[in-house]
Amino acid sequence: MSIATADKTAPATHRFAWLRSGLHIIGQSYSMMFAAALLAAVLLLIVLVPLLPGYDPYTQNLAVSLAAPFENIDGRTYILGTDTLGRDLLSRAALAGRVSLLIGLSAVIISLVVGVFLGLVAGFFRGFVESVVMGLADLQLSIPRVLLLIAVAAIVGPSVVNLTVLLGLTSWVVYGRVARAMALSLREREFVLSAVTQGASATWNIRKHLLPNVLPQMLIVGSFELGQIIVFEASLSYLGLGIQPPLPSWGMMISEGQQYLEIDPWIALLPGIAIFMLVTGVQILSQAFTSEGQFDLASPQKGT
Amino acid sequence: MLRFLARRLTQSVLTVFGVLTAAFFLVRLAGDPSVLLLPVEATDKDIALLRSELGLDQSLPVQYGKFLLNVLQGDLGLSLRQRVPALDLVLERLPATLELALTAFVLGLVLAFVVGLVMRLTPSPRLRAAIMWLAFIRQAIPVFFFGLLMILLFSVTLGWLPSLGRGTIYHLILPAVTLATYELALYLRLFNSALGEQQGQDYVRTAYAKGQTRTRIILRHMLPNALLPLVTIAGINLGMLLGSAVVTETVFSWPGVGRLIVQSVSQRDYPVVIAGVLMMSLVFVLINLTVDLLYAVLDPRVRLS
């Protein structure tokens, strides 16, 4: 990923090279393979389980409540067991994973768009705009994020859409700061200066010159944030301030399971393990791409 | 130093003011509290009466001014449920939160210090890798799930420690360890690289040349120099720790401000929620201020920047 001009004419093979180097990193170390395996397992759960026969996250059946994993009742095997209301935990875990990942990805996109926009505008125009944006960022960092999320969730009321927007809007600061820092150095570069002298508008400059240059970095930050946001969502749902029943979420499932820890610890353990696998996988892989990104920045020849 | 102090104080005051303003407008966004307070069969007259009682019939700037004035006098409104000042409820819970957060803070530093030293002194690279992996895995587990694992292991399975509430020192162990270990991976990495930086310094080479043992050099010479970054980051993270404490308190039914906030949210008791969040933000701002000032005292270069 070059820091120099946006390279429209980069050959298509470049993209595959990037992917290939990613796969290369994964193949190189055990921790990367471990991460890829974790992610693959979670993705399999999320994608495949809803396609299987017997997928039913909602139907309650008190006759089979608190079934143990692999317990066979009335000719039906509950692979991960059931919760207190007799709902199939495998189905619920799969649906919860879909919701989690959907909220996580959407929130990352929202925060990325907001953060990049504010950061680039602040870095390009400087002056008053910059003071306002950075002041806003400082203010937001002066409240612990969990508290801010709780306060706002309490007031706007929890729903999937509210939660997504909320997580997105409270996570823009990282992108904003990095984008601003990069814009500060980019705006002094020759290709921007020459465009300005030739009368290019600020909008054009930001869109054509700044944006393509900061985007790769932002995607790396985003991949790092994804794990965090999924944990925040799970924490809020655990506290009862996130996803609301009957929709399942890993956090809520853990909170429900905590009451039955002595009788049936699996109810709480399974969703927790799912969160751990997803978050660890995302975190390790994003670390690999972070070092890859820095490597690219350090050697500008690569990729141009 | 004075200029630094003044600038930093102004910044803190501005932050608190910003938080107050945000809180005020957030609550107004939430809609009319008088509708929530009154029973469904209340007449329009009842609503109007309550609205004028609460000052909701005045213009927004007037309400905002009154709100700020009240806050300055320590009046954050009455709890909608318990009809006592919201601030009193929060202050009642504050010691529990501070007890948990400070214990976890100190415990985290001690753990990082001891484990970091073990990592430095051990001749076994496998042990080093194992410690780093454990710390990393710990960090990948959300606070509430780690707390639950601790309960499952130490309360349910082994029966060694109580899982709920506050009282004896035993009640403090599980929540404090849960909170303290969260940043361990970060601290270890920092401590390790700080020690590594000292490794190549001239004074270390001189000490080796004098024939001192490796253990002694690490403990007596390198350690004091490597501690400062660790303490700084821990100080900065104390705020994050307060945030995680909110969740931890709920896991262990610890009667702190965080649990109060979460409970008040489910009871729609907004004044208490706002009072709790304001109080935690205030503590957070004060901690950051203290850490910055301490750092400026310890390291004169900070004051100049």
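Provided above is the structure to which this section pertains.
Thresholds, definitions, all that
- Throughout, a residue's number is its position along its own chain's written sequence, starting from 1.
- Key to labels: chains lettered from A, ligands numbered from 1, both in the order written.
- Only residues with pLDDT of 70 or above have their local features reported here, since the model is predicted, and side-chain atom pairs are shown and tallied only from 80 upward, although totals for entire chains, interfaces and linings are computed over all residues.
- No hydrogens and no water enter the side-chain calculation; it runs on all heavy atoms of the structure.
- The secondary structure listing takes helices from DSSP runs of H or I that are at least 4 residues long and strands from runs of E that are at least 2 residues long, numbered from the N terminus.
- Any residue under 20% of the maximum accessible area for its type is buried, any over 50% is exposed, and the rest in between are partly exposed; the area is computed with a 1.4 Å probe on protein chains only.
- The contact criterion used throughout is that any non-hydrogen atoms of two residues lie within 4.5 Å.
- Summed over both partners, buried area is the accessible surface (1.4 Å probe) that two parts give up on being assembled.
- Basic side-chain nitrogens of Lys or Arg form a salt bridge, by our definition, when they fall within 4 Å of a carboxyl oxygen of Asp or Glu.
- By the criterion applied in these results, polar contacts are pairs of N or O atoms within 3.5 Å in which, for protein atoms, one can donate a hydrogen and the other can accept it, and in which residues neighboring in sequence qualify only through two side-chain atoms.
- We define the nonpolar core as a collection of buried residues of types Ala, Val, Leu, Ile, Met, Phe, Trp, Tyr and Cys that are connected through side-chain atoms lying within 4.5 Å of one another.
- Think of a patch as exposed residues, more than 30% relative accessible area, with no salt bridge, where like charges cluster within 9 Å and nonpolar side chains (Val, Leu, Ile, Met, Phe, Trp, Tyr) cluster within 5 Å.
- Reported accessibility uses the Shrake-Rupley method at a 1.4 Å probe radius. Residues are deemed covered only where the shown protein chains occlude them.

## Here we look at the overall build of chain A
A tally of helices and strands in chain A yields 11 helices and 2 strands. Element order for chain A, N to C, with α for helix and β for strand: α-α-β-β-α-α-α-α-α-α-α-α-α. Here chain A holds 304 residues, and 50% of them are scored as buried.

## Points about the interface of chain B and chain A
Of the residues lining the interface, 36 residues belong to chain B; the matching set on chain A comes to 36 residues. Counting each side, the surface lost to burial between chain B and chain A is near 3,200 Å², with a carbon and sulfur contribution of 86%. By the criterion of area lost to chain A, the three top residues of chain B are Phe144(B), Phe145(B) and Leu148(B), representing 18% of everything that side buries. Here chain B is connected to chain A by 0 salt bridges. Across the chain B-chain A interface, the total number found is 1 residue pair in polar contact (both at pLDDT 80 or more). At the level of elements, helix H1 (2-29), helix H6 (125-140), helix H7 (143-157), helix H11 (214-251), helix H12 (257-266) and helix H13 (270-298) of chain B are the ones that each hand at least two residues to the side of chain B that touches chain A.

## A short note on the nonpolar core
Within the largest apolar cluster, 167 residues are counted, with the highest numbers of intra-cluster contacts made by Ile150(A), Trp250(A), Phe144(B) and Ile261(B). If near-sequence neighbours (up to four positions away) are discounted, Ile261(B) is found in contact with Leu147(A), Ile150(A), Val273(B), Gly276(B), Val277(B) and Met280(B). Within the second largest apolar cluster, 6 residues are counted, among which are Ala122(A), Met134(A), Ala137(A) and Val173(A).

## Details of a nonpolar patch on the surface
Residues and elements named next belong to chain A. Among the surface-exposed residues, Leu43, Leu44, Val47, Leu48 and Leu51 lie close enough to one another that they form a single nonpolar patch of about 460 Å² accessible area. Structurally, Leu48 is set in helix H2 (residues 30-48). Since its relative accessible area comes to 42%, Leu48 is described here as partly exposed.

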